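Take a look at the letters that make up each chain.
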Amino acid sequence: MSQKIMKPSIKMTADDHERLSRLASFAADRTPEVASFLADEVDRARIVGHRACVTGLVQMGCAVEFRDDATGKVQTVTLVYPGEADIGQGRVSVMTPIGAALIGLSIGQSMDWQTRTGTVKRLTVLNVKVPEVA
């Protein structure tokens, strides 16, 4: 019995879209649930330019401040590719349920996501900081 998950419209840069499509396909054997969720997110995203610094849009490498709507807890994480993940440094992989839920959201948007244990949670994006490009 699966709960209805609310999905707002999302956007993605062409670069993120292409890399995340490949990542979801590549990971389908090892982590099928998360890979499938990420693939669905990539498929429904509206593409907005290339490496565009779209203000307020959660992109790969961005620091994202969000609220757990059930607990009210606010946290900030940086969304990264699996090899760069380090939870101790707040670097969350896009190949985790919460990472896949965050990608493509804009400030003010909320998203339901399912934990690895099957619990449905809801988060709201409060702020997004795009990394400085050297």
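Since the structure is predicted, the reported quantities are computational estimates derived from the model, not experimental observations.

Draft legend 1. The arrangement of the sheet that holds strand 4 (residues 74-80) in detail. If you walk across this open sheet you meet the five strands as 5-4-3-7-6, and the pairing is mixed. The sheet is open, and its two borders are formed by strand 5 (91-93) and strand 6 (110-114), each paired with just one other strand. Going across the sheet, the axis of each strand differs from the next one's by a mean of 45 degrees, ignoring polarity. Here strand 6 pairs with strand 7 (residues 120-129) via five bridges, running antiparallel. Looking at strand 7, one finds that Asp-112 is bridged to Arg-122.

Draft legend 2. Representation of the packing of aromatic side chains. Here the structure, examined in full by the defined rule, presents zero aromatic pairs. Across from the ring centre of Tyr-81, 3.9 Å away, lies the NZ or CZ of Arg-19, which sits over that ring.

Draft legend 3. Representation of the pattern of salt bridges in the model. Overall, the coordinates contain seven salt bridges when judged by the stated rule. Of the charged contacts in the structure, one is a salt bridge between Glu-18 and Arg-22, with a shortest N-O distance of 2.8 Å. Highlighted residues: Glu-18 and Arg-22, both in helix 1 (residues 14-27), separated by four residues, approximately one helical turn. Glu-18 sits in the partly exposed class, given a relative accessible area of 47%. By relative accessible area, Arg-22 is classed as partly exposed at 49%. Between Arg-44 and Glu-41 there is a salt bridge; the shortest N-O distance is 3.0 Å. Of this pair, Arg-44 and Glu-41 both sit in helix 2 (residues 32-44), three residues apart, which is roughly one turn of that helix. Connected via shared salt-bridge partners are Arg-67, Asp-69, Asp-112 and Arg-122.

Draft legend 4. Spotlight on the side chain of Ser-93. Relative to the assigned elements, Ser-93 resides in strand 5. Polar side-chain contacts of Ser-93 include one of 2.8 Å to the backbone nitrogen of Met-95.

Draft legend 5. Local environment of helix 2. Between its first and last C-alpha atoms helix 2 spans 18 Å; for 13 residues at 1.5 Å apiece the expected length is 18 Å, and the two agree. Listed in full, the buried residues belonging to helix 2 are Val-34, Ala-35, Phe-37, Leu-38, Glu-41 and Val-42. Looking straight down helix 2, one finds that the buried residues subtend no more than 165 degrees of arc, so they occupy a single side. In helix 2, the exposed positions angled more than 90 degrees off the buried face are occupied by Glu-33 and Asp-43. Where helix 2 is buried, its residues touch strand 1 (11-12), helix 1, helix 3 (97-102) and strand 6.

The rules behind the values
- Residues numbered from 1 in each chain as written.
- Predicted model: local features only at pLDDT ≥ 70, side-chain atom pairs only at ≥ 80, totals over all residues.
- Heavy atoms only, no water.
- Pairing = 2+ DSSP bridges.
- Helix = DSSP H or I, 4+ residues; strand = E, 2+ residues; numbered from the N terminus.
- Axes fitted to C-alpha atoms, helices over the stretch in contact; angles between N-to-C directions.
- Phe/Tyr/Trp six-rings, centres within 6.5 Å; stacked < 30°, edge-to-face > 60°.
- Lys NZ or Arg CZ within 6 Å of the ring centre and 35° of its normal.
- Salt bridge = Lys/Arg side-chain N within 4 Å of Asp/Glu carboxyl O.
- Buried < 20%, exposed > 50% of the residue type's maximum accessible area, 1.4 Å probe, protein only.
- Polar contact = N/O pair within 3.5 Å; in protein donor to acceptor, adjacent residues only side chain to side chain.
- Expected span 1.5 Å × (residues − 1).
- Arc of directions from axis to C-beta.
- Contact = heavy atoms within 4.5 Å.

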